[in-house]
Amino acid sequence: MIRRPPRSTLFPYTTLFRSRESMEEIEKAIFCVSLSTESPKTLTERGKALLHGDGKSIWFDKSQNYIFFANGKAGANCEHALADAPALGHIWEYVMTKEVLERVYSEDGRCMPMPARFRQGSFSKPQRLVWDVSAALATKIQNAMKFMNTNLQDLDLQIGDHDSWGKGFIKKCKVSPDAFIQLALQLAYYRDSGKFAQTYEASMTRLYLNGRTETVRSCTSEAADFVMAMESTSVSHEEKIRLLRIASDKHQTLYRDAMNGMGIDRHLFALYVGCLGLGYESKFLKKVLSRPWTLSTSQQPHQQLTDVPDVNLPVFKDKLGPGGGFGPVSDDGYGVSYMLSCDSKFFFHVSSKHSSPQTSSKKFLQAIFQSLEDLKLLFDSQ
């Protein structure tokens, strides 16, 4: 609740105290929960509501926000200061899996009775937080909302459910599913823009204490050779498959190197930070680190829990979550997040900016799906 006090009746320190107290309550919380009156119908609508909402419905400074919609759907808005996406996704997967396996809700959506051994612990009753906002601060908030709305309207997000086949087919081809998807992305981007672009794929370094991420630079010479072969009518199917396997092997090598601390990007960034601290300017580092990541990509892990049934069982087909997405890193680029949720389905989150004449998330998502089908046809022909 925002309350604007009369200036003549309120001492300055009172405003500071009440707002600070409310802020401290939020900062002490592990996470924030939003109960939304909205009922997004499509995956894309729900994705936008979770990614940015209306600019006022999510406390973006908190690493974990959980949003529950009026139609019973739910999701999370997460920020990476606390942990990377797999760790936060692991939490959400545990919650959603527990709901399915333990049947904590009845068919009409009500909570099931608690077991006889359950004893309610102590808890605090909800309290409304009061904020005293000066006229100057209110103006800043209004300006921030205008800026936020401009950016919200500019975000072009599309979420696609590719359910005709999945990683089960790719594994039969004896190709890495992640490499297969990354090559499809390279082919789709070349067809969409007529060129190649610097590509970022996130890799986890959780094999190490306090490990976070490393970069896999997916747009390799081997990937480019494969794409050019795919666009040529004079190259045989057998040669295209041979080049695909070479590009896939290269990608797997880069991914393994990144996981095992042999990537280059975090090392280069550390050198850059060291140069800044020493007052030294490196033209090489400045040039390398200022190049835009036109394609920023990430695969999300699925079923990180171990003692659970196989997600490929038919009974769980309608329980598969689409994962999450993120905005584009470059003004003229794409953010692509994908989840290989089971052997028969992919989910893609594609983001870009409406203000860029070079991008269209809907068009690029269609190009990705077409590239996947074209890669599949190579092996179908055998």
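Throughout this document, residue positions are counted from 1 along each chain, in the order its sequence is written. Residue-level local features of this predicted model are given only where pLDDT is at least 70; pairs of side-chain atoms are given and counted only at 80 or more, and the full residue set underlies all totals for whole chains, interfaces and linings. Excluded from the side-chain calculation are hydrogens and water; included are all heavy atoms of the structure.

1. Looking at a negative patch on the surface
The cut-off we apply is this: Only residues whose relative accessible area exceeds 30% and that take part in no salt bridge are eligible for patches, with like-charged residues grouped when within 9 Å of each other and nonpolar side chains (Val, Leu, Ile, Met, Phe, Trp, Tyr) grouped when within 5 Å. Every accessible area reported is derived by Shrake-Rupley at a probe size of 1.4 Å, with residue values counting cover from the shown protein chains alone. What makes a salt bridge here is a side-chain nitrogen of Lys or Arg within 4 Å of a carboxyl oxygen of Asp or Glu, nothing more. A positive count includes Lys and Arg, and a negative count includes Asp and Glu. His and the chain ends are not counted in either. To locate a charge, the coordinates of NZ of Lys, CZ of Arg, CG of Asp or CD of Glu are taken. In this description a helix means any DSSP run of H or I spanning at least four residues, a strand means any run of E spanning at least two, and both kinds are numbered starting from the N terminus. Buried, partly exposed and exposed residues are distinguished by accessible area as a fraction of the type maximum, computed with a 1.4 Å probe on protein chains only: under 20%, between the cut-offs, and over 50%, respectively.
A grouping of Glu21, Glu24, Glu27, Asp61 and Glu79 is seen on the molecular surface, where their side chains present a negatively charged patch. Inspection of the secondary structure assignment puts Glu79 in the loop between strand E4 (74-78) and helix H3 (85-102). Owing to a relative accessible area of 31%, Glu79 belongs among the partly exposed residues under this scheme.

2. A word on the environment of Arg191
The cut-off we apply is this: Contact definition: two residues touch when any of their heavy atoms are within 4.5 Å.
Within the secondary structure layout, Arg191 lies in helix H6 (residues 177-193). Exposure remark for Arg191: the relative accessible area of 33% places this residue in the partly exposed category. For the pair formed by Arg191 and Asp257, sequence separation is 66 residues and the distance between their alpha carbons is 29 Å. Among all residues touching Arg191, those that are not within four sequence positions of it are Glu231, Gln370, Ser371 and Asp374.

3. Considering the confidence of the model for the chain
Inclusion rule: Per-residue confidence from the predictor is reported as pLDDT, a score between 0 and 100.
Averaged over all residues, the pLDDT of the chain equals 91, while 96% of them reach at least 70. No element of the chain has a lower mean pLDDT than strand E1 (residues 2-3), at 43, and none a higher one than helix H7 (residues 221-230), at 98. Below pLDDT 50 for its whole length, residues 1-14 participates in 19 contacts with residues either more than four positions away or in separate chains.

4. Overview of the sheet that holds strand E2 (residues 32-35)
Convention followed: Here a strand pair is declared whenever DSSP counts at least two bridges between the two strands. Axis angles are defined between N-to-C directions and span 0 to 180 degrees, where every axis is a line fitted to C-alpha atoms and, for a helix, only to the segment in contact.
Spatial strand order, E2-E3-E4: 3 strands in an open sheet with mixed pairing. Pairing within the sheet leaves two strands with one partner each, and these edge strands are E2 and E4. Averaged over all adjacent pairs, the angle separating strand axes in this sheet is 20°, with direction ignored. Of the pairings in the sheet, the one linking E2 to strand E3 (residues 64-68) comprises 4 bridges and is parallel in character. Directly across from Ser34, in E3, lies its bridge partner Ile67.

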